[in-house]
Amino acid sequence: VQDSLMNRNVLLMSGGPGSGKGTQCEKIVAKYGYTHLSSGDLLRAEVASGSERGKQLQATMQKGELVPLDTVLEMIKEAMIAKADVSKGYLIDGYPREVKQGEEFEKKIGAPALLLYVDAKAETMVKRLMKRGETSGRADDNEETIKKRLDLYYKATEPVIAYYEKSGIVRKINSELPVDEVFAIVEKAIDELK
Ligand SMILES: Nc1ncnc2c1ncn2[C@@H]1O[C@H](COP(=O)(O)OP(=O)(O)O)[C@@H](O)[C@H]1O
Ligand SMILES: Nc1ncnc2c1ncn2[C@H]1C[C@H](O)[C@@H](COP(=O)(O)OP(=O)(O)O)O1
Ligand SMILES: [Mg+2]
């Protein structure tokens with residue numbers, strides 16, 4: 001299983017809440033045809049299913065906390081396997097969110113080829129999320145939860161980037177720029193892979 005998943009590119013999309021991960025992933029899918037797997041989307045789908053597990057997940061996400069590592073890694077792995085036949089490459093969005101998640105990914109799946117790190121100021125991320133919250137219907141796009149997600153991001157997720165710096169796969173991208181300018185930099189990083 002592991003070999004069949006890793007004989008194509010695995011890209012990680014990282015950055016704070018509201019930094020523009022989902023926005024850039026959509027554009028990557030359109031241009032490169034990679035399979036987009038968003039941990040948040042997978043979790044929200046489980047919540048929407050109304051399952052008992054979904055209820056637990058919903059409570060955790062509403063507090064701005066991380067759901068258990070095993071749950072999210074299992075979901076990503078299953079989704080990767082489900083798309084293995086058709087996938088040109090994988091674009092993993094929102095995982096890893098803590099160093100332990102990165103370590104487990106390497107053990108159970110493999111080593112990513114590139115980590116795209118979209119970087120914006122805290123103030124910018126809060127502004128974008130408050131705006132997104134007007135229409136997203138997401139239980140975590142409110143002022144109180146946004147603050148918790150940001151704190152957790154700086155505490156748990158930023159160290160993930162330092163962890164991958166060692167393997168030389170990190171490309172830091174200024175996501176204060178307009179969407180298309182951010183994407184121009186993203187394209188360059190992906191094109192260098194081939
Ligand atoms: N480069 C950008 N400039 C301005 N607004 C952006 C940019 N990238 C994303 N946004 C907006 O910010 C909000 C959060 O973006 P999203 O892609 O959902 O971020 P994430 O997945 O990292 O939480 C969205 O409403 C999106 O339209
Ligand atoms: N890898 C992961 N580990 C634990 N919890 C995760 C996770 N990915 C997502 N979650 C949970 C906690 C997050 O606050 C919530 C929303 O995630 P998301 O949709 O990726 O947020 P965003 O795109 O706004 O950064 O889902
Ligand atoms: Mg997102």
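Residues numbered from 1 in each chain as written. Chains lettered and ligands numbered in written order. Predicted model: local features only at pLDDT ≥ 70, side-chain atom pairs only at ≥ 80, totals over all residues. Heavy atoms only, no water.

Let's talk about the pattern of salt bridges
Thought 1: Applying the stated criterion to the full structure yields 18 salt bridges.
Thought 2: The partner of Lys55 in a salt bridge is Glu52, with the nearest N and O atoms 3.8 Å apart. Placement of both Lys55 and Glu52 in helix 4 (residues 52-62) is noted, with a separation of 3 residues, approximately one turn of the helix. The same class applies to Lys55 as to Glu52, namely exposed. (Salt bridge = Lys/Arg side-chain N within 4 Å of Asp/Glu carboxyl O. Helix = DSSP H or I, 4+ residues; strand = E, 2+ residues; numbered from the N terminus. Buried < 20%, exposed > 50% of the residue type's maximum accessible area, 1.4 Å probe, protein only.)

Section: the UniProt feature "binding site: ATP" (unreviewed entry) in the chain
Thought 1: Residues annotated in UniProt with the feature "binding site: ATP" (unreviewed entry) correspond here to Gly18, Ser19, Gly20, Lys21, Gly22, Thr23, Arg132 and Leu177.
Thought 2: With respect to the helices and strands, Ser19 occurs in the loop between strand 1 (9-15) and helix 2 (21-32).
Thought 3: Given a relative accessible area of 1%, Ser19 falls into the buried group.
Thought 4: Aside from chain neighbours lying at most four places away, what touches Ser19 is Val118, Met125, Arg128 and Ser175.
Thought 5: Of note, Lys21 is situated in helix 2. (UniProt positions renumbered as here; feature names shortened; annotations may be inferred. Contact = heavy atoms within 4.5 Å.)

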